[in-house]
Amino acid sequence: MSNSISWFEIPVTDFDRAKRFYEAVLGINIETLNMGPDTMGMFSTDPNVVSGAIVYNTDATPSKQGVTIYLNGGDDLAPLLARVVPAGGTVLVPKTEIGSDFGFFAHFVDTEGNKIGLHAMA
């Protein structure tokens, strides 16, 4: 097993708002796929990387409790974190050094109410 994670889904209640938020914060284009009654916004379709999606369906319940996923903050998570508030989110934990050469992390709440982490080595 090369990665502990193979796929993740972030539940959303307003798909278009969430898509705009994640595209602004991460600086990526999110591809929209309709899968029956579900709408998915793919972070990446590259089969060689671990990826996930924002997902709208009738069971979608965003939450600040439970599992926290950490998105890749790139070379330095500070620029991504700086885009959270202007995009409509809230920073919970600012860029914080982990120690022992494990890099840095931060937490934010997205426009849907999900607590999400960022991780980077700088």
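Above this text is the structure in question.
Presented here is an overview of the structure given in this document. Fair warning: this is a prediction, and the values are worked out from it, not measured in the lab.

## Some points on the overall build of the protein
Phase 1: In terms of regular secondary structure, the protein is built from two helices and eight strands.
Phase 2: Helices (α) and strands (β) of the protein occur, in sequence order from the N terminus, as β-α-β-β-β-β-α-β-β-β.
Phase 3: Taken over C-alpha atoms, the radius of gyration comes to 14 Å for the protein, in line with the 14 Å a tight globule of 122 residues would show.
Phase 4: Counting every position in the protein, which comprises 122 residues, the buried fraction comes to 38%.
Phase 5: When contacts within the protein are restricted to residue pairs at least 6 apart in sequence, those whose partners lie at least 24 apart make up 54%.
Phase 6: Accessible surface computed for the protein: about 7000 Å², of which carbon and sulfur atoms make up 52%.
Phase 7: Taking the 7 positively charged and 14 negatively charged side chains of the protein as two groups, their mean positions are separated by 8 Å.

## Description of the nonpolar core
Phase 1: Grouped together as the largest cluster of nonpolar side chains are 24 residues, with contacts concentrated most on Ile10, Tyr22, Phe43, Ile54 and Leu71.
Phase 2: For this core, the secondary-structure elements that each account for two or more residues are strand 1 (7-11), helix 1 (15-26), helix 2 (77-82), strand 7 (104-109) and strand 8 (115-120).
Phase 3: The greatest single-element share of this core, amounting to six residues, is contributed by helix 1.
Phase 4: With sequence-adjacent residues up to four places away left out, Leu71 is seen in contact with Phe8, Tyr22, Leu26, Ile116, Gly117, Leu118 and His119.

## Examining the packing of aromatic side chains
Phase 1: In total, this model carries four aromatic pairs according to the counting rule given.
Phase 2: With 5.0 Å between their ring centres and 90° between their planes, Phe21 and Tyr22 make a pair best called edge-to-face. Each member of the pair, Phe21 as well as Tyr22, carries the same accessibility label: buried.
Phase 3: Ring centres of Phe21 and Phe108 lie 5.8 Å apart, and the angle between their planes is 50°; on these two criteria the pair is classed as tilted. In this pair, Phe21 sits in helix 1 while Phe108 sits in strand 7, placing the two residues 87 residues apart along the sequence. Take Phe21 and Phe108: they sit in the same class, and that class is buried.

## Describing the pattern of salt bridges
Phase 1: Taken as a whole and assessed by the stated rule, the structure comprises two salt bridges.
Phase 2: Ionic pairing is found between Arg17 and Glu112, a salt bridge with its closest N-O pair at 2.7 Å. Here Arg17, found in helix 1, pairs with Glu112, found in the loop between strand 7 and strand 8; they are 95 residues apart in sequence, far enough to count as distant.
Phase 3: Judged by its relative accessible area of 30%, Arg17 falls in the partly exposed class.
Phase 4: Its salt-bridge partner being Lys95, residue Asp76 comes within 2.8 Å of it at the nearest N-O pair. Of this pair, Asp76 sits in the loop between strand 5 (70-72) and helix 2 while Lys95 sits in strand 6 (residues 90-97), and the two are 19 residues apart along the sequence.
Phase 5: The partly exposed category is assigned to Lys95, whose relative accessible area is 32%.

## What about the side chain of His107?
Phase 1: Take His107: it is sitting in strand 7.
Phase 2: Of note is the side chain of His107, whose polar atom sits 2.6 Å from the side chain of Tyr70.
Phase 3: Not counting residues within four places of it along the chain, the set of residues in contact with His107 comprises Thr68, Tyr70, Val91, Leu92, Val93, Lys115, Ile116 and Gly117.

Cut-off values and rules
- Residues numbered from 1 in each chain as written.
- Predicted model: local features only at pLDDT ≥ 70, side-chain atom pairs only at ≥ 80, totals over all residues.
- Heavy atoms only, no water.
- Helix = DSSP H or I, 4+ residues; strand = E, 2+ residues; numbered from the N terminus.
- Rg over C-alpha atoms; globule rule 2.2 N^0.38 Å.
- Buried < 20%, exposed > 50% of the residue type's maximum accessible area, 1.4 Å probe, protein only.
- Contact = heavy atoms within 4.5 Å.
- Areas by Shrake-Rupley, 256 points an atom, 1.4 Å probe, with all protein chains shown as cover.
- Lys, Arg positive; Asp, Glu negative; His and termini not counted.
- Charge placed at Lys NZ, Arg CZ, Asp CG, Glu CD.
- Core = buried A, V, L, I, M, F, W, Y, C linked by side-chain atoms within 4.5 Å.
- Phe/Tyr/Trp six-rings, centres within 6.5 Å; stacked < 30°, edge-to-face > 60°.
- Salt bridge = Lys/Arg side-chain N within 4 Å of Asp/Glu carboxyl O.
- Polar contact = N/O pair within 3.5 Å; in protein donor to acceptor, adjacent residues only side chain to side chain.

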